[in-house]
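Reading the structure
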Amino acid sequence: MKKTSQLIGLASLGLLMATGGAAYAQTMKVGVTVPLTGPAATIGIGARNSISMFPKKIGGLDVEYQILDDASAPTNAVKNAKRFLGEDVDVIVGSSTSSSALAIVEAIAGAETPLIALGASSRIVAPMDDKRHWVFKTSSSDSLVATAIIKHMQEHGIKTVGFIGFNDAFGESWLTEIKTYADANKIKLVGVERFNAGDTSATAQVLRVIAAKPDAVLIAAAGTPAALPHVALKERGYKGKIYQTHGAATDDFLRIGGKAVNGSYLPVGPNLVWEQLPDSYPTKAVSAQYVPLYEEKFGKGSRTTFAAQAYDVLLFLERAVPEASKKAKPGTKEFRRALRDALENTKNLPANSGVYNMTATDHSGQNDYSRVMVSVQNEKFVLEPLEK
């Protein structure tokens, strides 16, 4: 009887090692939710493409990736995130839009699973609290790129600016940021209007903004919908300067906007124009490796800042995973906690989207190297003179 019990015990131990125990020790799970359909699909597809280039091993660990479409809807992004939690993923990546990323932050609070968001809103990681303790992001914050726009406006004598933005978290965040920095620099905000990503016309909003006679208009939208009010402004004869946010930094925006978007200005991630940067720019060497590989796989001119921000997730994981695996095995709370700690301790990481220095109070970790101003000339992004 004693010998039989020992054999059963050994068999049970072997079964544990062959199933759950092996999964713990060998494979890290990464859950990704991005918009592959809907208004933000242009952004999400680029992110999906970059993640498809990730290696199957990071820091000596096998990695399993699951990519789900959230169809540009925050409710779907939340469903996907909760599904990942049920499958014991070690880190969640997404979503690409601020509204979906913010919804995930709220929905998974207390789950103690790292989230690397791809949305731009500063509110994704600030102010720091118990929820955001587990959240990081790779995209430039609205506050960071807003300062570049305001500086450019000052240099061009802009005294008044109109605003047309998305009627969502992205638009709200941008309105807050631009008003803050405009007020501080004596630029008056006039003619505030909103529209939805799925709208087919923004004529009414454009006419009201034009009636306010601003020196410039800022359009705060992401993806191809950003072209809608831009084209309408030109069609209605607006002669002032038009600014876009980094949310419009895609070839699809140029294609849909056509000649109407020529002469406009926007901040972009440095990877988008890496060939135009001086060799001394700290992100150039990274983009010189990544962008050609991306375009070889997905087509010449297919690069986007959103794709690059997603690829920067890999650079973070390559730093963080070896540190976390020293302390625990994938699939455990201890590993997820160690991974979070390692992400927070990322220092001097040159990437496509900037040079990252995370701290306990700053889970974006970017500086002025994270954005450059470009103008649209002949339907191409052209680097403006760099800030000194």
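Shown above is the structure to which this text applies.
Here's a quick rundown of the structure. (Residues numbered from 1 in each chain as written. Predicted model: local features only at pLDDT ≥ 70, side-chain atom pairs only at ≥ 80, totals over all residues. Heavy atoms only, no water.)

Take helix H3 (residues 41-51) next. Counting buried residues along H3, nine of its 11 residues qualify, which places the element largely inside the surrounding structure. Taken residue by residue, H3 has Ala41, Thr42, Ile43, Gly44, Gly46, Ala47, Asn49, Ser50 and Ile51 as its buried positions. If you follow the buried residues of H3, they end up packed against strand E1 (27-34), strand E3 (61-69), strand E4 (91-94), helix H10 (251-257), helix H11 (284-298) and helix H12 (305-325). (Buried < 20%, exposed > 50% of the residue type's maximum accessible area, 1.4 Å probe, protein only. Helix = DSSP H or I, 4+ residues; strand = E, 2+ residues; numbered from the N terminus. Contact = heavy atoms within 4.5 Å.)

All right, on to empty space enclosed by the protein then. One way to see where empty space is left: roll a probe the size of a water molecule over the atoms. Inspection of the entire model under this criterion finds two cavities of 30 Å³ or more. Estimated volume of the largest cavity: approximately 60 Å³. As for the largest cavity, its lining consists of Val105, Ile108, Ala109, Gly110, Ala111, Glu112, Thr113, Lys131, Trp134 and Val135. Along the lines of polarity and charge, the residues of the lining of the largest cavity split into six nonpolar, two polar and two charged. The space that makes up the second largest cavity amounts to roughly 40 Å³. Taken together, Ser140, Val145, His246, Pro267, Val268, Gly269, Thr305, Gln309, Ser370 and Arg371 make up the lining of the second largest cavity. Counting residues per element, the ones that place at least two in the lining of the second largest cavity are strand E11 (265-268) and H12. Classifying every residue of the lining of the second largest cavity gives three nonpolar, six polar and one charged. (1 Å grid on protein atoms, 1.4 Å probe; cavity = no way out; pocket = protein on both sides within 12 Å on 5 of 7 lines; lining within 4 Å. Points joined across faces, edges and corners; volume = space filled by probe spheres on them. Nonpolar A, V, L, I, M, F, W, Y, C, P; charged D, E, K, R; others polar.)

Within the largest apolar cluster, 100 residues are counted, with the highest numbers of intra-cluster contacts made by Trp174, Ile178 and Tyr243. Among the elements that make up this core, the one with the highest residue count is H12 (13 residues). Residues contacting isoleucine 178, with those up to four places away along its chain left out, are Ala146, Ile149, Ile150, Phe163, Leu189 and Leu218. Grouped together as the second largest cluster of nonpolar side chains are 17 residues, Phe84, Ile92, Val105 and Ile108 included. (Core = buried A, V, L, I, M, F, W, Y, C linked by side-chain atoms within 4.5 Å.)

What follows concerns the sheet that holds E3. Overall, mixed pairing links the six strands, which are arranged E2-E3-E1-E4-E5-E6 in an open sheet. The outermost strands of the open sheet, each flanked by one partner alone, are strand E2 (57-58) and strand E6 (135-137). Taken together, the two bridges between E2 and E3 define a ladder with antiparallel strand orientation. Paired with isoleucine 58 across the two strands is leucine 61, which belongs to E3. The strands that H3 touches are E1, E3 and E4; relative to E1, the one it contacts most, it runs at about 160 degrees. Helix H13 (residues 333-344) rests against E1, E3, E4, strand E5 (115-117) and E6 of the sheet, and its axis sits at about 45 degrees to E6. (Pairing = 2+ DSSP bridges. Axes fitted to C-alpha atoms, helices over the stretch in contact; angles between N-to-C directions.)

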